[in-house]
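Listed below are the residues making up each chain.
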Amino acid sequence: MDLTKIPRLKHIDSQQFFLLSGPCAIEGEDMALRIAEHIVKVTDRLKIPYVFKGSFKKANRSRVDSFTGIGDEKALKILQKVSQTFDVPTVTDIHEVSDAEMAAEYVDILQIPAFLVRQTDLVVAAARTGKTVNLKKGQFMSPESMKHAVTKVTDSGNDQVIITDRGTMFGYQDMIVDFRGVPTMKQYAPVVLDVTHSLQQPNQSSGVTGGRPALISTMARAGIAAGVDGLFMETHFDPSIAKSDGANMLPLDKLDQLLTQLSQLRETINQFDL
């Protein structure tokens, strides 16, 4: 994996963690640009390599009446506008083989959702676009098993691959992050900790996923201390009105303070050989 191959990724020599952050789903152009502008200002000040994250559609929903998106092409064009406006790379989820080629025309990183990371055709389709592929570790998978998911990408002729840990199922309605898996997975690819999804509480009786956002700073600090290469955090200026995953999002106005603290922690951790 070579960060210099990700277009428009800045501050790659800063020795800071890299950040994938933005709203869960693209709800509209104004909200996407507003969130991106704020994060770009903070990450530029702290010299954190930054990738704007936003799902162009949400295919994995608890209920049939849950928000799934504003239209595929419309959302992808918004992601492209974010990239062009702020000169940053972008990442989005894909769910079907046909999504890979379509999304690759608009974004720089294709993300494979955790529930789909064992879908060989999907992983290979993403790899063959030549884009960087971000593999979410399945909630049901061991760190060691991610070696095989990474190999599917590299055997397809693409060495641009990232692993993102978003926790492991603990019972029916909670997630646990096992930090012992970080050094294991770093043998295969750079490792990112998905802070906000790790704090989800899925399978609620209401059909709406819950979460524990009060623990975001705790989880993020633990990830930096464990030696992850990057962090993934979903954020929104008002999580209470977010159309997807608002229950575990970080309020946008708290991002500056948290990233400042995390960048200072990373400077300390850099003194150790992890």
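Attention in this report is confined to the structure presented alongside it. (Residues numbered from 1 in each chain as written. Predicted model: local features only at pLDDT ≥ 70, side-chain atom pairs only at ≥ 80, totals over all residues. Heavy atoms only, no water.)

Some words on the overall build of the protein chain
Line of reasoning, step 1. Of the regular secondary structure elements, the protein chain holds 8 helices and 13 strands.
Line of reasoning, step 2. Compactness check: the protein chain gives a C-alpha radius of gyration of 17 Å against a globular reference of 19 Å for 274 residues, within 12% of the reference.
Line of reasoning, step 3. With the principal axes as the frame, the protein chain shows a C-alpha extent of 50 × 45 × 40 Å.
Line of reasoning, step 4. Burial statistics for the protein chain: of 274 residues in total, 54% are counted as buried.
Line of reasoning, step 5. Across the protein chain, contacts joining residues at least 24 apart in sequence account for 71% of those joining residues at least 6 apart.
Line of reasoning, step 6. Accessible surface for the protein chain amounts to roughly 12000 Å². Of this, 47% is attributable to carbon and sulfur atoms.
Line of reasoning, step 7. Taking the average place of the 30 positive charges on the side chains of the protein chain and the average place of its 33 negative ones, the gap between the two points comes to 2 Å. (Helix = DSSP H or I, 4+ residues; strand = E, 2+ residues; numbered from the N terminus. Rg over C-alpha atoms; globule rule 2.2 N^0.38 Å. Buried < 20%, exposed > 50% of the residue type's maximum accessible area, 1.4 Å probe, protein only. Contact = heavy atoms within 4.5 Å. Areas by Shrake-Rupley, 256 points an atom, 1.4 Å probe, with all protein chains shown as cover. Lys, Arg positive; Asp, Glu negative; His and termini not counted. Charge placed at Lys NZ, Arg CZ, Asp CG, Glu CD.)

Some points on the packing of helix H1 (residues 29–46) against helix H8 (residues 255–269)
Line of reasoning, step 1. Interhelical geometry of H1 versus H8 gives an angle of 25° and a closest axis separation of 10 Å. The angle between H1 and H8 falls in the class roughly parallel. In this structure, H1 meets H8 at a crossing whose hand is right-handed. Of the residues in H8, those in contact with Ile 39, Val 42, Thr 43, Arg 45 and Leu 46 of H1 are Leu 255, Asp 256, Leu 259, Thr 260 and Ser 263. (Axes fitted to C-alpha atoms, helices over the stretch in contact; angles between N-to-C directions. Parallel < 35°, antiparallel > 145°, perpendicular 65-115°, else oblique. Left-handed = near helix turned anticlockwise from the far one by under 90°.)

Some words on the pairing of strand S1 (residues 18–22)
Line of reasoning, step 1. In terms of burial, S1 is largely enclosed, as 5 of its 5 residues are buried.
Line of reasoning, step 2. Residue alternation in S1 divides its side chains into two sets, Phe 18, Leu 20 and Gly 22 and Leu 19 and Ser 21, and both sets are buried.
Line of reasoning, step 3. Across 5 bridges, the pairing between S1 and strand S12 (residues 230–236) is parallel. Bridging across to S12, Leu 19 finds its partner in Leu 231.
Line of reasoning, step 4. What joins S1 to strand S2 (residues 50–53) is H1, and the crossover it makes is right-handed. (Pairing = 2+ DSSP bridges. Right-handed = clockwise from strand over helix to strand, strands pointing away.)

Details of the nonpolar core
Line of reasoning, step 1. By size, the foremost hydrophobic cluster in this structure holds 68 residues, and its most contacted members are Phe 52, Leu 135, Leu 231 and Leu 259.
Line of reasoning, step 2. Of the residues forming this core, the biggest block, 9 residues, is contributed by H1.
Line of reasoning, step 3. Aside from chain neighbours lying at most four places away, what touches Leu 259 is Phe 17, Leu 19, Val 42, Thr 43, Leu 46, Ile 48 and Met 233.
Line of reasoning, step 4. Within the second largest apolar cluster, 10 residues are counted, among which are Phe 18, Val 51, Val 91 and Phe 232. (Core = buried A, V, L, I, M, F, W, Y, C linked by side-chain atoms within 4.5 Å.)

Observations concerning the pattern of salt bridges
Should the charged atoms of two oppositely charged side chains come close, the side chains can pair.
Line of reasoning, step 1. Under the definition given, this model contains 13 salt bridges.
Line of reasoning, step 2. Among the ionic pairs, Lys 81 bridges to Glu 29, the shortest N-O distance being 2.7 Å. Residue Lys 81 is located in helix H2 (residues 72–86), and its partner Glu 29 is located in helix H1; the two are separated by 52 residues in the primary sequence.
Line of reasoning, step 3. Take Lys 81: its relative accessible area is 35%, and that puts it in the partly exposed class.
Line of reasoning, step 4. One salt bridge in this structure joins Lys 186 and Asp 229, with 3.9 Å as the shortest N-O distance. Pair noted here: Lys 186 is in the loop between helix H6 (181–185) and strand S9 (191–194) and Asp 229 is in the loop between helix H7 (216–226) and S12, with a separation of 43 residues, a long-range link.
Line of reasoning, step 5. Each of Lys 57, Asp 72 and Asp 99 takes part in a single network of salt bridges with overlapping partners. (Salt bridge = Lys/Arg side-chain N within 4 Å of Asp/Glu carboxyl O.)

As for the packing of aromatic side chains
Line of reasoning, step 1. For the coordinates displayed, the defined rule picks out 0 aromatic pairs.
Line of reasoning, step 2. The ring of Phe 237 carries the charged tip of Arg 34 above its face, separated from the ring centre by 3.8 Å.
Line of reasoning, step 3. Here the guanidinium or amino end of Lys 136 rests over the ring plane of Phe 232, the centre of that ring lying 4.5 Å away. (Phe/Tyr/Trp six-rings, centres within 6.5 Å; stacked < 30°, edge-to-face > 60°. Lys NZ or Arg CZ within 6 Å of the ring centre and 35° of its normal.)

Details of the side chain of Glu 27
Line of reasoning, step 1. Position of Glu 27 among the secondary structure elements: in the loop between S1 and H1.
Line of reasoning, step 2. Lys 243 provides the closest opposite charge to the buried, salt-bridge-free Glu 27, at an N-O distance of 5.7 Å.
Line of reasoning, step 3. A polar contact is formed between the side chain of Glu 27 and the backbone nitrogen of Lys 243, at a distance of 2.9 Å.
Line of reasoning, step 4. What Glu 27 contacts, discounting residues up to four positions off in sequence, is Ile 70, His 236, Ala 242 and Lys 243. (Polar contact = N/O pair within 3.5 Å; in protein donor to acceptor, adjacent residues only side chain to side chain.)

Focus on the environment of Ser 98
Line of reasoning, step 1. Note on placement: Ser 98 falls in helix H3 (residues 97–104).
Line of reasoning, step 2. For the pair Ser 98 and Leu 122, spaced 24 residues apart in sequence, the C-alpha separation works out to 8.6 Å.

Here we look at helix H5 (residues 146–154)
Line of reasoning, step 1. The complete set of buried residues in H5 reads Met 146, Ala 149, Val 150 and Val 153. With its buried residues spanning 100° around the axis, H5 presents them on a single face. (Arc of directions from axis to C-beta.)

This is a description of form; function is not addressed.
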